[in-house]
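Residue-level listing of the chains:
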Amino acid sequence: MKLPLSWLSEFVVLPKNITVDKIVAAFVKVGFEVEGVENPAESIKGPLVVGKVLAIEELTGHKKPIRYVGLDCGEKKTRFVICGATNFAEGDYVVVALPGAVLPGNFAISARETYGKTSNGMICSARELGLGDDHNGIIVLQEKNLKVGAPALDVLGANDPIIDIAVNPDRGYAMSVRGAARELAMALGVPFKDVNSKALITTLERKKKRGKVTPVVITDKSGASRIYLRSLTNVNPLSQTPSWMARRLTQAGMRPISIAVDITNYVMLELGQPLHAFDAAKIAGSLRVQRAGAFKELVTLDNQKRKLHKEDLLIADDKKPLAIAGTMGGLDCEVTEFTVSIALEAAHFDSVAIAQNSRRHILSSEASRRFERGVDPALAEVASARAAHLLMEFAGATYLGTASKVSAIAKRSTSVSAQEISDLIGATYSDKELQKALTSIGCGMKKNGKKWSVALPSWRPDLHNLPDLAEEVARFYGYDRIPSILPSVKLSKNGRSGLTPLQNRKRALALKLAHRGLVEVHNYPFVSDHQMQLFGFTGDRAKTFTIANPMSDEYPHLRTHLTPGLLAAAARNLSRGEKSVALFETGSIFRNTEKVETPGNISTSKRPSAAQIKKIYESVPKQALHIGGVIAGEFVGSGWWGKGRMVEWSDAVDLAAELITETGHEFSVHNVELAPWHPGRCAEFRVNNKAVAHAGEIHPRITTALGLPERTVAFALIVDAIPFASPVQAIPVNTMPAAIQDISLFVDQKVSAGDVEAALVEGAGELLESIQLFDRFQKPGESQVSLAFSLVFRAPNRTLTSDEVSALREAAGASAVKKCGAQIRS
């Protein structure tokens, strides 16, 4: 919210000689982030004066209009300049930069020869002075009693610092000069000068003339609680917006458009109440607040045809929709240069209804942003009266009267004590301090025993209970008053503090991959319909959650696997010049596989009970923790030392195996077909016969679609599905010599090496110390695979004989023959 200091000063009695820095500090003190301060006058140096146009000579023979203009700048001689603008005439007053002036952008002004003439200065536009984006013509001054040669910055009011504050969603009341000024007055401890609402309304009614008043109806009371429709006629839509109003709109970041639009925008910025001006002649019958229902479409002011949802909240008449309520008006009822009568609408809409309007139509406006955050219901009457006065003063309008439908503003109250506030904040506050702080934000205070009965102001819908009021007290007296105390450390059962076992495992696995050279990334957990289809997810992995208000409509679902984000990140890095990538990510995945019950509305005024906390946790879907990685390109880099090696699917299998080994568990490996991996090149890892990881080569269909190398590999492990192993027990060192036997077998290619290894282990018996696959060979076109294993036997108390070792080898081979159909090679 951009706040010109001159505008703020109309609502706050600022101390003399107060600096902008102190005002900025005051906003920060009460919780507003100041995003910047700008003062256009600071970037303008040298002579900038008011000039009067004495003569205009049109220079012909050029591709664009060129004028040679004679100016009276309060000097003895007429000054001549070249100008390409045509929006001024003889007798107009303009802003002239004389030679020696320096404009924003370090643009120095000097006398120069151009178009066969000497241009001795420049007539300025708003953009050239940094006062706005309008570059369609130069500034024509409208102020009365202008003096040629006078400093133009003073006339323009350009020496006016603009403070830009960030307004949080719960601070909708501060999205106006009036609301921000109230906060500033509180921070500085100075009087706040509010609008005289009663005088505005009374004075307007005294000026009322007889005439037709457009009736108004609220057909859906859930969408609006009150509406005022003020009828005005004899409007001159071509009236010029006062320069001071246009200047303030520009300072606040809005573009002046026309007198009616500018006045409604001005009042919205000033008081915080969005308004809309309809061409009354185009309203058929009554103006209504209703749901879209049978209405199918509406062309809005941005000339976009919008399909209406049946639950959209609209402003309509008896025949057609006129506007998307609180969001944007319709083109059919726009105020134009032919408009004579205006119906000025001010309503208090339901914030949720307006937020839904905005989300459905992807249409965020200055009005919708205010209604979503909550607008004071008492403002509709006051703001519409203020706008009507301005239309009468600057557009020559005649006020005919007001139609309204109004529900009483609900009175809200709560009770607190100074002790409760002190306990919650952690600092001590007296009753007097509590009263001062809450009164300053507009609360009514009445002592009721040890507690205060607090009447909550209508412009603060964010205030409900003790924590809300405690925040206001802390804000008022400053957060530096709250002592900094470190929280007590909760010890575990063994008397130690630190990370949980799952946190330790997550960290250890991430470090393992980082040490192997993979780079950690963090992707958004959102996926598109296209990604879900491309990756071929089925079953539980296709059961995702659809987000109610996604950041992007292209990615409306929560991910059910890490690979879509990882592969997209790999493709993005390769497209930007990387030759090879090795990435990993740790994060939650979301699968809609279990029905959960909502816990209902739980009050925040006190700590929930144990049963309520249990319901809260049970209402959150399970979010499994995964760690996954992708490698594309070279696994071993090329360089001066020689040629590298492209990644193979076995590399992903090895990494997954290392991660499971890191958890302290043994595992079995099985050949499976599972998207998004290549059939026949996907390994499934099982711990206690439960699948915990998959690794292998990505399906060519996916790599082609994403522009990845053909042999791109990936792995994914379910971190929290692996049980936590008991502490590792050291194995006694065996001093007896080992006996090593190799065995080579033929098996069908469908039989996994892991199954063969398991059969060998079972047959070898207890004296088998270790087993390792050291060779795999398959001739092209053959269905049999040759596997060679090294078996290490050792007895704990003696040296094994050659006959014993041979018998153990034969027993292992026999087991593999029986269980896997293996054929032992001689």
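One structure accompanies this document, and this report is about it. (Residues numbered from 1 in each chain as written. Predicted model: local features only at pLDDT ≥ 70, side-chain atom pairs only at ≥ 80, totals over all residues. Heavy atoms only, no water.)

Within the protein chain, the secondary structure is distributed over 21 helices and 42 strands. Here the C-alpha radius of gyration of the protein chain, 38 Å, is well above what a compact globule of 826 residues would show, namely 28 Å. If you line up the protein chain on its principal axes, its C-alpha atoms span 120 × 85 × 60 Å. A burial count over the protein chain gives 46% of its 826 residues as buried. Residue pairs at least 24 apart in sequence account for 70% of intrachain contacts in the protein chain once pairs closer than 6 positions are excluded. Per element, the accessible surface of the protein chain, about 42900 Å² overall, is 51% carbon and sulfur. Separation of charge centres in the protein chain, based on 99 positive and 87 negative side chains, amounts to 6 Å. (Helix = DSSP H or I, 4+ residues; strand = E, 2+ residues; numbered from the N terminus. Rg over C-alpha atoms; globule rule 2.2 N^0.38 Å. Buried < 20%, exposed > 50% of the residue type's maximum accessible area, 1.4 Å probe, protein only. Contact = heavy atoms within 4.5 Å. Areas by Shrake-Rupley, 256 points an atom, 1.4 Å probe, with all protein chains shown as cover. Lys, Arg positive; Asp, Glu negative; His and termini not counted. Charge placed at Lys NZ, Arg CZ, Asp CG, Glu CD.)

We now examine the pairing of strand E31 (residues 581-590). Regular strands place side chains that alternate from one sheet face to the opposite one. Of all 10 residues that make up E31, 9 are buried, and the element is covered over most of its length. Strand direction decides the pairing type here: strand E28 (residues 519-520) and E31, joined by 2 bridges, are parallel. Paired with Val519 across the two strands is Leu583, which belongs to E31. In terms of strand pairing, E31 meets strand E32 (residues 623-632) through 10 bridges, oriented antiparallel. Within E32, the residue paired with Gly587 across the bridge is His626. (Pairing = 2+ DSSP bridges.)

One finds Phe27, Ile165 and Phe349 to be the most contacted residues of the largest nonpolar core, which totals 113 residues. Considering every element that reaches this core, the biggest residue donor is helix H10 (residues 379-394), with 10 residues. When near neighbours in sequence (up to four residues on either side) are disregarded, Phe349 contacts Gly223, Ala224, Val289, Leu313, Ile315, Ala325, Gly326, Ile354 and Phe371. If you look at the next biggest cluster of nonpolar residues, it comprises 29 residues, including Leu509, Leu518, Ala652 and Phe715. (Core = buried A, V, L, I, M, F, W, Y, C linked by side-chain atoms within 4.5 Å.)

With that settled, consider the sheet that holds strand E27 (residues 451-456). With antiparallel pairing, 3 strands are arranged side by side in an open sheet as E25-E27-E26. Only two strands of the sheet have a single partner each, and these edge strands are strand E25 (412-416) and strand E26 (444-448). For this sheet, the mean angle separating the axes of adjacent strands, direction not counted, is 25°. Summarising the sheet, E26 and E27 pair through 5 bridges and their orientation is antiparallel. Looking across to E27, one finds that Lys447 is bridged to Trp452. Lying over the sheet, helix H12 (residues 431-440) contacts E25, E26 and E27, oriented at roughly 155° with respect to E26. (Axes fitted to C-alpha atoms, helices over the stretch in contact; angles between N-to-C directions.)

Another point: the packing of aromatic side chains. Evaluation of the coordinates by the stated rule reveals 12 aromatic pairs. Between Tyr68 and Phe80, the ring centres sit 5.2 Å apart and the planes meet at 15°, which makes this aromatic pair stacked. Of this pair, Tyr68 sits in strand E4 (residues 66-72) while Phe80 is found in strand E5 (residues 79-83), placing the two residues 12 residues apart along the sequence. Owing to a relative accessible area of 33%, Phe80 belongs among the partly exposed residues under this scheme. Judged by centre distance (5.8 Å) and plane angle (35°), the ring pair of Tyr429 and Tyr477 falls under tilted. Of the two residues, Tyr429 is situated in the loop between helix H11 (418-425) and H12 and Tyr477 in helix H13 (residues 466-477); the sequence distance between them amounts to 48 residues. For Tyr429, a relative accessible area of 4% translates into the label buried. (Phe/Tyr/Trp six-rings, centres within 6.5 Å; stacked < 30°, edge-to-face > 60°.)

Looking at the secondary structure, you find Ser358 in helix H8 (residues 351-360). Engagement of the side chain of Ser358 in a polar contact is seen with the side chain of Glu372, the distance being 3.5 Å. (Polar contact = N/O pair within 3.5 Å; in protein donor to acceptor, adjacent residues only side chain to side chain.)

A few words on the packing of H8 against helix H9 (residues 366-373). Running from N to C, H8 and H9 point in directions that differ by 140°, and their axes come no closer than 7 Å. Of the possible angle classes, the one that applies to H8 and H9 is oblique. Between H8 and H9 the crossing geometry is left-handed. From H8, Ser351, Ile354, Ala355, Ser358 and Arg359 reach across to H9, where they touch Ser368, Phe371 and Glu372. Along the lines of polarity and charge, the residues of the contact of H8 with H9 split into 3 nonpolar, 3 polar and 2 charged. (Parallel < 35°, antiparallel > 145°, perpendicular 65-115°, else oblique. Left-handed = near helix turned anticlockwise from the far one by under 90°. Nonpolar A, V, L, I, M, F, W, Y, C, P; charged D, E, K, R; others polar.)

Taken in spatial order, the 5 strands line up as E14-E17-E20-E21-E22 in an open sheet, and their pairing is mixed. Each having just a single partner strand, strand E14 (216-218) and strand E22 (328-329) make up the two edges of the open sheet. Pairing geometry for E14 and strand E17 (residues 287-291), over 3 bridges, is parallel. Across the sheet, the residue bridging to Val217 is Arg288, located in E17.

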